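One letter stands for each residue in the lines below.
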Amino acid sequence: PTAPSIMTVNGHFASVGEKSSKEQYEHGIQVINDVQEFNGALPKYLSLEKVASAGFNYHLISVFGSQSTGKSTLLNHLFGTEFGVMSESERRQTTKGIWMSNNKKAKVEGATKQMADNILVMDVEGTDGRERGEDQDFERKSALFALATSEVLILNMWEQQVGLYNAANLGLLKVVFEVNLELFIKGNKQNPRSLLFFVIRDHLGTTPLSNLRNTIMQDLSKIWSGCNKPAGLEKSKIEDYFDMAFVTLPHKILQPEKFVAEVAQLGTRFREGHKDARREALRNDDELERGVFLPEYHRRIPADGFSIYAEGVWDQIVNNKDLDLPTQQELMAQFRCDEISREVLVAFDEAIVPFENKQADGIRMGNPQVLGGLGAVMRSARMKTVKNFETEASRYHKGVYGRKRAELESKIDGRLKILFQGQLSAAHKSGVNEFSEAVSAAVKTGQKKGASYDFAEIVDREKKTALSKYDKEARGVLVEGAPWSNYKQEMSLYQKDLNEVSGRLRREEMRRLATRVERWVRSRLGESVGLEFNALGSGRGGSGAPESGDRQPEKEIWDRIWAVFTKTVQDAERRFTDRARSFDASSAEVDVGLWRLRRKSWGVLRAKVDEEMMEGNLLLKLRENFEDKFRYDEAGVPRIWRPTDDIEGIYSRARESTLTLIPLLSKFQSSHTSDPPPLDDWIGNVPSSVTPADEEDLSPIGGVDEDEGKSLEEEMTVLSDAKRQDITVRFKKTADGVYVEAKRSAIGGITQ
Ligand code: GDP
Ligand code: MG
């Protein structure tokens with residue numbers, strides 16, 4: 001754009017900023033200067049004049065005519081403008097290029113006939129003072145510019161020029177007609193009409209207006225027929241493109257009062273008119289009442305786009321390019337729609353950026369937050385942004401507007417979508433955490449109360465709470481009309497995650513249950529197996545089994561231990577299964593749980609056995625067993641040794657009897673078949689749904705876990721051969737000690 005320089009009336013350039021805006025534009029704005037540059041300050045001028053925001057509610061008039069025919073004087077009187085006029089004394093050209101000024105007379109006197117709003121008047125440099133070639137060039141350019149923008153062309157001429165084939169006049173009209181054909185007819189289906197408003201100055205009054213009109217019309221016909229017309233339009237008439245109006249004005253210097261009065265009367269014509277009025281006017285001579293601004297004259301350039309449009313048009317004209325108005329309108333529409341887009345995005349940013357920042361911070365800190373109030377702000381921001389854009393931009397080229405609106409929507413929807421999804425994922429994350437915490441807390445409370453709590457019910461209740469909370473958060477950020485505005489998929493992902501978490505929680509609950517049941521098994525086995533081993537000490541059988549005949553009850557100790565073991569675990573399995581079923585554990589999960597329980601229980605039993613068979617414990621039991629047999633008679637009465645007693649015989653029998661326990665206890669096996677118990681079958685196959693996590697804390701079992709390299713026999717070996725011999729030797733020493741003591745007491749009894 002050109003540097004905003006304003007040429008003042010007296011020919012000096014003043015740069016912007018030197019004067020206040022008011023002074024600066026006192027004479028209007030020089031849109032095109034004398035070196036044919038466009039003034040980049042036009043948008044500023046239109047804003048200052050408050051025309052820019054008028055939408056379509058503004059009008060454009062251009063005045064044409066020979067130099068010094070009083071054009072500027074007329075405009076100043078009509079519109080209160082202050083275009084430079086030639087002083088009476090020095091005669092030189094004043095209007096250079098094209099000036100524009102806003103109408104300064106809002107109302108004509110009497111205030112009954114209001115002038116139209118926002119009338120922009122363009123004062124175009126007159127022509128006859130210049131060299132011929134140069135004249136025609138600027139004449140053509142300014143005519144193109146005026147026709148591309150103006151609804152009304154005022155053609156100013158003296159009465160004495162009417163009917164004279166004044167070259168300048170004819171030339172100008174010919175240019176206007178040809179330029180019009182070029183601009184609006186070629187390839188442009190809906191050609192806007194324009195009003196040619198002939199103002200005949202210095203009317204003496206002797207020739208009536210109707211005669212002047214006829215003369216001018218005849219001239220126009222001649223000019224029209226002499227115009228080059230594009231193919232197919234040879235038969236077209238002037239009236240197809242132009243409306244004509246005529247008015248006379250008295251001599252300003254000779255009849256100053258009359259001049260002022262009639263100009264004031266003429267001013268009332270510059271108001272909105274109706275089509276019917278035009279038809280009427282064409283039939284009647286009396287045109288005085290008709291408003292000149294018909295809607296069909298309007299070029300439909302929104303006021304806020306006028307500057308950019310005019311600049312584009314002028315650029316094309318100056319560079320002698322084919323002036324294609326539809327293209328100019330599209331370019332303007334694109335430019336303005338982009339500008340409007342940027343403008344409406346400012347408010348959008350103001351509302352949305354704080355949320356975007358908050359969300360980004362949360363994500364960066366690894367702690368995404370559900371943002372309160374987000375939905376309402378998103379809805380109102382989207383609605384306002386689109387609405388504001390629509391208000392301003394819908395005046396422009398429909399195609400461009402539609403495209404730019406879609407662009408804007410996709411831009412804001414893109415950003416809103418990120419916020420939406422951020423919110424959903426924050427709600428997802430916190431929802432899953434809260435769910436997991438709530439279930440754990442409820443379980444803890446249940447455990448504290450000691451009462452059996454219903455795990456399935458807890459999960460069910462907390463899942464419902466979590467789902468409804470998520471649904472509420474998500475619904476809160478829906479934005480009607482936005483293409484991304486649904487969360488079905490996210491909801492189902494959320495549901496899936498909740499299910500996964502509840503699966504995990506259920507497995508944890510299973511573990512807790514398993515631990516409880518194992519503890520129970522441990523305490524039961526500790527008691528019952530302990531009793532079996534304690535019974536060894538009596539030398540007369542264990543666990544209340546009555547002694548019957550020769551049968552040595554110790555012999556069946558392993559049968560009883562296996563029986564009590566399997567019975568205990570069976571009870572435990574039932575407890576486990578019942579409870580696990582109550583919280584919807586799958587049968588696969590239950591199978592794994594039972595399998596683990598059996599293995600762990602075996603471990604418990606094996607540990608208990610090892611504890612009982614620790615050297616000290618075992619020796620104690622053997623000694624008790626032996627002493628019981630040695631020191632008590634068959635009736636269970638303690639023996640008082642006498643020297644006559646067969647101490648040695650009793651000693652040997654008792655010792656041999658106790659010694660048989662050592663091989664018996666060394667191996668866990670059936671007393672009937674001498675086979676190890678069917679531990680492998682009893683534990684059963686590894687369930688197919690076992691996971692590595694399920695096996696992590698299990699100790700290997702010989703004969704069951706094949707890759708252990710340990711046989712079932714070995715698993716059932718309680719005492720190694722070496723240990724057996726060692727125990728045997730040590731037991732014998734203990735027995736010997738008891739024997740010696742008995743012997744001494746027998747002798748001592750005699751000496752006493
Ligand atoms: P422009 O070049 O067409 O803009 O003409 P100006 O408005 O600058 O006026 C040129 C000269 O004509 C000035 O000296 C005016 O005083 C004078 N003038 C203005 N109006 C009239 C009019 O109605 N009749 C006559 N005879 N002179 C006029
Ligand atoms: Mg002038």
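Residues numbered from 1 in each chain as written. Chains lettered and ligands numbered in written order. Predicted model: local features only at pLDDT ≥ 70, side-chain atom pairs only at ≥ 80, totals over all residues. Heavy atoms only, no water.

Student: Any details on the overall build of the chain? Residues and values, ideally.
Tutor: What the chain contains, in helices and strands, is 23 helices and nine strands. Residues counted as buried form 47% of the 752 residues belonging to the chain. Long-range contacts, defined here as pairs at least 24 residues apart, represent 76% of the contacts in the chain between residues at least 6 apart. Accessible area of the chain: about 37400 Å², with a carbon and sulfur share of 50%. (Helix = DSSP H or I, 4+ residues; strand = E, 2+ residues; numbered from the N terminus. Buried < 20%, exposed > 50% of the residue type's maximum accessible area, 1.4 Å probe, protein only. Contact = heavy atoms within 4.5 Å. Areas by Shrake-Rupley, 256 points an atom, 1.4 Å probe, with all protein chains shown as cover.)

Student: Kindly report on the environment of Leu467, identifying the contributing residues and their values.
Tutor: With respect to the element layout, Leu467 can be found in helix 13 (residues 455-476). Considered as a pair, Leu467 and Phe435 are 32 residues apart in the sequence and their alpha carbons are 9.4 Å apart. Leaving out residues up to four positions away in the same chain, Leu467 has contacts with Met491, Tyr494, Gln495 and Leu498.

Student: Explain the sheet that holds strand 3 (residues 29-32) residue by residue, including any values.
Tutor: The seven strands lie next to each other as 3-5-6-4-7-8-9, forming an open sheet whose pairing is mixed. Two strands lie at the open edges of the sheet, namely strand 3 and strand 9 (242-248), each paired on one side alone. Looking at each pair of strands side by side, their axes are set apart by 25° on average, direction ignored. Here strand 3 runs beside strand 5 (residues 98-102); their pairing, made up of three bridges, is antiparallel. (Pairing = 2+ DSSP bridges. Axes fitted to C-alpha atoms, helices over the stretch in contact; angles between N-to-C directions.)

Student: Could you give me a rundown of the pattern of salt bridges, with the residues and numbers involved?
Tutor: Summed over all chains, the structure comprises 43 salt bridges. Here Lys710 ties to Glu715 by a salt bridge, and the two come within 3.5 Å at their closest N and O atoms. Residue classification places Lys710 among the partly exposed positions, given a relative accessible area of 38%. On the accessibility criterion, Glu715 (5% relative accessible area) is buried. One salt bridge connects Arg724 with Asp721, and the closest N-O pair in it is separated by 3.8 Å. Of this pair, Arg724 and Asp721 both sit in helix 23 (residues 721-751), three residues apart, which is roughly one turn of the helix. The partly exposed category is assigned to Arg724, whose relative accessible area is 30%. Accessibility expressed as a relative area gives 55% for Asp721, which makes it exposed. Counted as one network, the salt bridges with shared partners bring together Asp304, Arg336, Glu339 and Glu343. (Salt bridge = Lys/Arg side-chain N within 4 Å of Asp/Glu carboxyl O.)

Student: So what's going on with the side chain of Glu159? Residues and values would help.
Tutor: Positionally, Glu159 belongs in the loop between strand 7 (152-158) and helix 5 (167-185). Nearest to the buried, unbridged Glu159 among oppositely charged side chains is Lys258, at 11 Å. If sequence neighbours within four positions are ignored, Glu159 has contacts with Ile200, Arg201, Asp202, His203, Leu204, Gly205, Thr207 and Leu212. (Lys, Arg positive; Asp, Glu negative; His and termini not counted.)

Student: Explain a negative patch on the surface to me, and be specific about the residues and the numbers.
Tutor: On the surface, Asp454, Glu457, Asp460 and Asp584 cluster together into a patch of negative charge. By secondary structure assignment, the location of Glu457 is in helix 13. (Patch = residues over 30% accessible without salt bridge, like charges linked within 9 Å, V, L, I, M, F, W, Y side chains within 5 Å. Charge placed at Lys NZ, Arg CZ, Asp CG, Glu CD.)

Student: Now, about unusual backbone geometry: what can you tell me, with residues and values included?
Tutor: Positive phi values are uncommon outside glycine, yet Asn118 reaches one of about 50°. One can find Asn118 in the loop between strand 5 and strand 6 (119-124). Look at Asp202: it is not a glycine, yet its phi comes out positive at around 55°. Here Asp202 is to be found in the loop between strand 8 (194-201) and helix 6 (209-225).

Student: Run through the packing of aromatic side chains, naming residues and quoting values.
Tutor: In total, this model carries 28 aromatic pairs according to the counting rule given. Here Tyr470 and Tyr494 contribute two aromatic rings whose centre-to-centre distance is 4.2 Å and whose plane-to-plane angle is 15°, an arrangement assigned as stacked. Here the residue Tyr470 occupies a position in helix 13, and Tyr494 occupies one in helix 14 (residues 488-536), the gap between them amounting to 24 residues. We note that Tyr470, like Tyr494, is buried. Aromatic pair Phe565 and Trp682: ring centres 4.9 Å apart, planes at 50°, arrangement tilted. With a gap of 117 residues between them, Phe565 in helix 15 (residues 557-582) and Trp682 in helix 20 (residues 679-683) connect regions that are remote in the sequence. You can call Phe565 buried: its relative accessible area is 0%. Ring pairing ties together the aromatic residues Phe533, Trp558, Trp562, Phe565, Trp602, Phe668 and Trp682, which thus form one cluster. Positioned over the ring face of Trp520 is Arg575, at 4.3 Å from the centre of the ring. For the cation-ring pair, Arg579 lies above Tyr453, with the distance from its terminal atom to the ring centre recorded as 5.3 Å. (Phe/Tyr/Trp six-rings, centres within 6.5 Å; stacked < 30°, edge-to-face > 60°. Lys NZ or Arg CZ within 6 Å of the ring centre and 35° of its normal.)

Student: Any chance you could break down the pairing of strand 9 for me, citing the residues and the numbers?
Tutor: Most of strand 9 is tucked away, with seven of its seven residues classed as buried. Residues Phe242, Met244, Phe246 and Thr248 line one face of strand 9 and the alternating positions Asp243, Ala245 and Val247 line the opposite face, and both faces are buried. Note on the crossover from strand 8 through helix 6 to strand 9: the handedness is right-handed. (Right-handed = clockwise from strand over helix to strand, strands pointing away.)

Student: Describe the environment of Leu536, naming the residues involved and giving the relevant values.
Tutor: Tracing the backbone through its elements, the reader meets Leu536 in helix 14. Those residues in contact with Leu536, other than ones at most four positions away along the chain, are Glu554, Ile557, Lys621, Asn625, Leu661 and Leu665.

Student: How would you summarise the pairing of strand 8 if you had to cite specific residues and measurements?
Tutor: The element strand 8 is largely enclosed, with a buried count of eight among its eight residues. Taking every second residue as pointing to the same face, both faces of strand 8 are buried, with Ser194, Leu196, Phe198 and Ile200 on one and Leu195, Phe197, Val199 and Arg201 on the other. Sheet analysis places strand 7 next to strand 8, joined by seven bridges and oriented parallel. Counted as the bridge partner of Trp158 is Arg201 from strand 8.

Student: Could you give me a rundown of the confidence of the model for the chain, with the residues and numbers involved?
Tutor: This prediction gives the chain a mean pLDDT of 86; 88% of its residues lie at or above 70. Within the chain, helix 11 (residues 374-393) carries the highest mean pLDDT (96), whereas strand 1 (residues 5-7) carries the lowest (42). Across residues 1-17, where pLDDT falls below 50, the model places 33 contacts with residues more than four positions away in sequence or in other chains. Here residues 541-550 is modelled with pLDDT under 50, and outside its nearest four sequence neighbours on either side it reaches 10 contacts, counting other chains as well. (pLDDT = per-residue confidence, 0-100.)

Student: If you had to explain the packing of helix 15 against helix 16 (residues 587-612) to someone new, which residues and values would you point to?
Tutor: At a closest axis distance of 10 Å, the pairing of helix 15 and helix 16 adopts a crossing angle of 150°. Like other packed secondary-structure pairs, helix 15 and helix 16 cross with a definite hand, here right-handed. Only Ser587, Val590, Gly593, Leu594, Leu597, Arg598, Ser601, Trp602, Leu605 and Val609 of helix 16 make contact with helix 15, whose side of the interface consists of Trp558, Ile561, Trp562, Phe565, Val569, Ala572, Glu573, Phe576, Thr577, Ala580 and Arg581. (Left-handed = near helix turned anticlockwise from the far one by under 90°.)

Student: Could you give me a rundown of the packing of helix 12 (residues 398-449) against helix 14, with the residues and numbers involved?
Tutor: Here helix 12 crosses helix 14 at 20°, and the two axes come no closer than 10 Å. Between helix 12 and helix 14, the crossing angle belongs to the class labelled roughly parallel. Here helix 12 and helix 14 pass one another in a crossing that is right-handed. In contact with Gln421, Leu424, Ala427, His428, Gly431, Val432, Phe435, Ser436, Val439, Ser440, Val443 and Gln447 of helix 12, helix 14 contributes Glu490, Leu493, Tyr494, Asp497, Leu498, Val501, Ser502, Arg504, Leu505, Glu509, Arg512 and Arg516. (Parallel < 35°, antiparallel > 145°, perpendicular 65-115°, else oblique.)

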